[in-house]
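Survey of secondary and tertiary structure
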There are 2 protein chains.
Amino acid sequence: MKTIAIDAMGGENAPEAIVQAVLQAKAELKNTRFILFGDEEKITNLIGQDKERIAIVATTQVIKDEDEPVKAIRTMKDSSLVVAAQYVKQKKADALLSLGNTGSILACGIFIIGRIKGVARPGFMPTLPVKNSDDGFNMIDVGANAKSRPEYLLDWAKMAAYYAEKIRGIKNPKVALLNNGAESDKGDDLHQQAYELLRKSNLNFIGNIEGNELLDGKADVVATDGFTGNAVLKNIEGTSGVLIHLLKDSLLNNGPITKIGALMIKNALKGLISKFDVDKYGGAVLLGTDAPVVKTHGRSDKRAVYYTIKQIDKILSEKIIDQFRQEFNHKK
Amino acid sequence: MKTIAIDAMGGENAPEAIVQAVLQAKAELKNTRFILFGDEEKITNLIGQDKERIAIVATTQVIKDEDEPVKAIRTMKDSSLVVAAQYVKQKKADALLSLGNTGSILACGIFIIGRIKGVARPGFMPTLPVKNSDDGFNMIDVGANAKSRPEYLLDWAKMAAYYAEKIRGIKNPKVALLNNGAESDKGDDLHQQAYELLRKSNLNFIGNIEGNELLDGKADVVATDGFTGNAVLKNIEGTSGVLIHLLKDSLLNNGPITKIGALMIKNALKGLISKFDVDKYGGAVLLGTDAPVVKTHGRSDKRAVYYTIKQIDKILSEKIIDQFRQEFNHKK
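Since this is a predicted model, take the numbers as computed values, not measurements.

Considerations on the overall build of chain A
For chain A, the count of helices and strands is 12 helices and 12 strands. Its C-alpha radius of gyration of 20 Å places chain A within 12% of the 20 Å reference for a compact globule of 332 residues. Principal-axis analysis of the C-alpha atoms places the extent of chain A at approximately 70 × 60 × 35 Å. Within chain A, the fraction of its 332 residues that count as buried is 59%. Put simply, 70% of the contacts in chain A that link residues at least 6 apart link residues at least 24 apart. Entry remark: accessible area of chain A is about 13,500 Å², with carbon and sulfur atoms responsible for 47%. Taking the 46 positively charged and 41 negatively charged side chains of chain A as two groups, their mean positions are separated by 3 Å.

A short note on the relation of the copies chain A and chain B
Overlay of chain A on chain B (RMSD 0.1 Å): rotation 180 degrees, translation along the axis 0.0 Å. When the rotation and shift are considered jointly, the pair of chain copies conforms to a two-fold rotation axis. Residue glycine 261 of chain A of chain A places its C-alpha closer to the rotation axis than any other residue of that unit, at 1.9 Å. Mapped onto chain B, 100% of the interface residues of chain A are again interface residues, and the two copies thus contact each other with one and the same surface.

As for the sheet that holds strand β10 (residues 221-223) of chain B
Residues and elements named next belong to chain B. Spatially, the five strands line up as an open sheet ordered β6-β7-β10-β8-β9, and their pairing is mixed. Only two strands of the sheet have a single neighbouring strand rather than two, namely β6 (127-130) and β9 (204-209). When the angles between neighbouring strand axes are averaged without regard to direction, this sheet yields 30 degrees. Where strand β8 (residues 174-178) and β10 come together, three bridges link them in parallel fashion. Bridge pairing links valine 175 to valine 221 in β10. Contacts from helix α6 (residues 150-166) reach β7 (133-140), β8 and β10 within the one sheet, and its direction differs from that of β10 by about 170 degrees.

Focus on the domain arrangement of chain A
Residue and element names in this part refer to chain A. What the domain assignment reports for chain A is domain 1 (1-119 + 288-332) and domain 2 (127-278). Once you take the C-alpha centre of each, domain 1 and domain 2 turn out to be 25 Å apart. With 16 residues of domain 1 at the interface, the matching set in domain 2 holds 10 residues. Counting the surface lost from both domain 1 and domain 2, the interface buries some 1,200 Å², and carbon and sulfur atoms represent 66% of this. When residues of domain 1 are sorted by the area they lose upon contact with domain 2, Ile320, Phe324 and Phe328 head the list and together hold 28% of the total. Summed over the shared surface of domain 1 and domain 2, the result is one salt bridge.

Side note on the nonpolar core
Counting residues in each nonpolar core, the largest one holds 114 residues, and the members touching the most others are Leu96 of chain A together with Leu96 of chain B. When neighbours within four sequence positions are excluded, leucine 96 of chain B is seen to be in contact with Ala5, Leu81, Ala84, Ala85, Val88, Ile113, Pro292, Val293, Val294 and Ile312 of chain B.

What to know about the environment of aspartate 7 of chain A
Residues and elements named next belong to chain A. In this fold, aspartate 7 is placed in strand β1 (residues 2-7). For aspartate 7 and aspartate 39, which are 32 residues apart along the polypeptide, the C-alpha to C-alpha distance reads 10 Å. Beyond its immediate chain neighbours, meaning those up to four positions away, aspartate 7 contacts Ile18, Phe37, Ser80, Leu81, Leu97 and Ser98. Of the polar contacts made by the side chain of aspartate 7, one reaches the backbone nitrogen of methionine 9; its length is 3.0 Å.

Some details on the sheet that holds strand β5 (residues 123-125) of chain B
All names here are of chain B. The mixed open sheet is built from seven strands, whose spatial order is β3-β2-β1-β4-β12-β11-β5. Looking at the sheet topology across the chains shown, the edges are occupied by β3 (54-58) and β5. Going across the sheet, the axis of each strand differs from the next one's by a mean of 20 degrees, ignoring polarity. Direction of pairing for strand β11 (residues 284-287) relative to strand β12 (residues 293-295): antiparallel, over a ladder of three bridges. The residue of β12 that forms the bridge with valine 285 is valine 294.

Brief notes about the packing of aromatic side chains
Aromatic ring pairs are described here by two measures, namely the spacing of the ring centres and the angle between the planes. Residue and element names in this part refer to chain A. Counted by the stated rule, this structure contains 12 aromatic pairs over all chains. An angle of 55 degrees between the planes, with centres 5.8 Å apart, marks the rings of tyrosine 152 and tryptophan 156 as tilted. Of this pair, tyrosine 152 and tryptophan 156 both sit in helix α6 (residues 150-166), four residues apart, which is roughly one turn of that helix. The two residues tyrosine 152 and tryptophan 156 agree in class, both being buried. Taken together, Tyr162, Phe324 and Phe328 form an aromatic cluster joined through their ring pairs. In this arrangement the basic side chain of lysine 92 is found over the ring face of tyrosine 87, its NZ or CZ atom lying 4.1 Å from the centre.

Some points on unusual backbone geometry
Backbone torsion omega between alanine 14 of chain A and proline 15 of chain A reads -10 degrees, so that peptide bond is classified as cis. The linkage connecting isoleucine 140 of chain A with the following residue, aspartate 141 of chain A, adopts the cis geometry, with an omega of 5 degrees. As for its position among the elements, aspartate 141 of chain A is in the loop between β7 (133-140) and α6. At arginine 53 of chain B, a position not held by glycine, the phi torsion is positive, near 55 degrees.

What to know about the packing of α6 of chain A against helix α12 (residues 320-328) of chain A
Residue and element names in this part refer to chain A. Axis separation between α6 and α12 bottoms out at 11 Å; the angle between their running directions is 145 degrees. Between α6 and α12 the crossing geometry is right-handed. For the pair α6 and α12, the contacting residues are Asp155, Lys158, Met159, Tyr162 and Tyr163 in the first and Ile320, Gln323, Phe324, Glu327 and Phe328 in the second. Partitioning the contact of α6 with α12 into residue classes produces six nonpolar, one polar and three charged.

Describing the packing of α6 of chain B against helix α7 (residues 189-200) of chain B
All names here are of chain B. Put simply, α6 and α7 touch, their axes get as near as 8 Å, and they point 45 degrees apart. By the criterion of interaxial angle, the relationship of α6 to α7 is oblique. In this structure, α6 crosses over α7, and the sense of that crossing is right-handed. Of α7, the residues touching α6 (which contributes Pro150, Glu151, Leu153, Leu154 and Ala157) are Leu190, Gln193, Ala194, Leu197 and Leu198. Among the residues making up the contact of α6 with α7, the classes are represented as eight nonpolar, one polar and one charged.

Thresholds, definitions, all that
Residues numbered from 1 in each chain as written. Chains lettered and ligands numbered in written order. Predicted model: local features only at pLDDT ≥ 70, side-chain atom pairs only at ≥ 80, totals over all residues. Heavy atoms only, no water. Helix = DSSP H or I, 4+ residues; strand = E, 2+ residues; numbered from the N terminus. Rg over C-alpha atoms; globule rule 2.2 N^0.38 Å. Buried < 20%, exposed > 50% of the residue type's maximum accessible area, 1.4 Å probe, protein only. Contact = heavy atoms within 4.5 Å. Areas by Shrake-Rupley, 256 points an atom, 1.4 Å probe, with all protein chains shown as cover. Lys, Arg positive; Asp, Glu negative; His and termini not counted. Charge placed at Lys NZ, Arg CZ, Asp CG, Glu CD. Least-squares fit on C-alpha atoms with pLDDT ≥ 70 in both. Pairing = 2+ DSSP bridges. Axes fitted to C-alpha atoms, helices over the stretch in contact; angles between N-to-C directions. Domains from an automatic or database assignment. Buried area = accessible area lost by both parts, 1.4 Å probe. Salt bridge = Lys/Arg side-chain N within 4 Å of Asp/Glu carboxyl O. Core = buried A, V, L, I, M, F, W, Y, C linked by side-chain atoms within 4.5 Å. Polar contact = N/O pair within 3.5 Å; in protein donor to acceptor, adjacent residues only side chain to side chain. Phe/Tyr/Trp six-rings, centres within 6.5 Å; stacked < 30°, edge-to-face > 60°. Lys NZ or Arg CZ within 6 Å of the ring centre and 35° of its normal. Left-handed = near helix turned anticlockwise from the far one by under 90°. Nonpolar A, V, L, I, M, F, W, Y, C, P; charged D, E, K, R; others polar. Parallel < 35°, antiparallel > 145°, perpendicular 65-115°, else oblique.

Below you can see the structure in the form of structure tokens.
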């Protein structure tokens, strides 16, 4: 039996969307238990009679988006997130899911759950859209680490490639390094050295990729330092968000003919917007911790949470963490 | 009399678009001379009889996009770009314009024309779109430097703020630092130290900005290390390019009603696409060199080149380089 610890209080639609997603997932995943952390009364009312394979752990605090992450996990010991992470640490659950404050989720993963022996630093990895397919690509690290070293990038690439193969079903995934040019000598010392480590590894390393090529689908896995990865990930969200905002705006404010035209292209637009809806690609996973820690977007609805639960269930079924232990434990 | 050295052979529409833009600009800028470098016969045929304030310098080589930048400027001594840069170095021209290979243009600026005394490293600065106005913002450095130091970022911010004020007419421009969080202690050592330098400077420093906020128009100037800046600039181009591609694609491939709708929204779409057309915002300027070096997009048409010439003319009229000499010459 697998057990998923779920912070029921994080995100805009908590706890309703989260509890509903758990009920839907539970009906399908017969070999999985769920522990929900948060406001006992609210959660109990939402669950109703259906308590098979569901437990509730009452907590009294909620970490908010504006709270300083590390301070929050140190001081809010009875928050839904921290207590859920403690359950994972104590092996009372196998994985952690939250829709809350990204920094606090990372801090829980790194400081409470802890890393796999031999992995220098866990890396944070979303799946992002690519142009001409529904596959997407994995980028790691996107901000668990402000300071990176070449060997971190190698570890991240290895874990992300394994994830892409086992969870996303991509055979021999193509791995690239985000850099400022195509040639092997591009970049600063960090990226030149990371290039060498990746080239010598047994990964399917295809070389450097530049910022304009990420969404082209050239690579299935992109390794990057956490600082650049963070700027680029946020920039993908920002740029696509601004463009879609401006598009909607210009369709509404260009006279009646444009408005009628806008109605006629509505379905085509929906498809486009859904492609850039990061929720569609599931939660972002912290790789390298002793149990899967998955963060999904704060505005996720029931459907997005449901898919993320299925994603976590697959990560547990494929025993990815055991595989990482085997891969990395012999190191130092 | 100001003199602009123009590489007539760079870019997709060379030399036609470039020569036509020069002729148009010349009619307006009565106090400016133009020296065109490139294929003498082709350029002469395009210019016709109108040789007042226009000179041609015949060159035999053209640096291509795929050429390795530093090697190209060392070995292709009779290329239109290198000879144009030599003219600026020798004070036979006051500024350099090219549509060619970005890396080679940067290398010409740094190695041939050279930096202003007291500026540690020149920075490369485009003007980029923001959501709710036509103003845009300046980001520096976007890739002249793979390795950056905190004091470089301070120099770049100072020069970009001066540019934003004098050339773009923004009073007391708001300066921000691209970082991985809002708080002052965010980022690696480089960004923490750059934050302190900017905070203590006399710039209108508004603090950190994150990758998703760049196009919101919060800041008029964004200082960033050249590695991250390069990744983010290219990513803005890549993400907006993919979105516009997918938008066009979905309008054409969703049946006849969508196609008719697409015709009806055509004008609204044009406005949107033009907003993300970086050419509209003029060329990217290398700041910190001993003369203005401006690169405009390789696919620029006559109109884009014409605006870039006007931009360079204004940079020369405002005597920006003299100002930078005054600001930085006393340093070491």
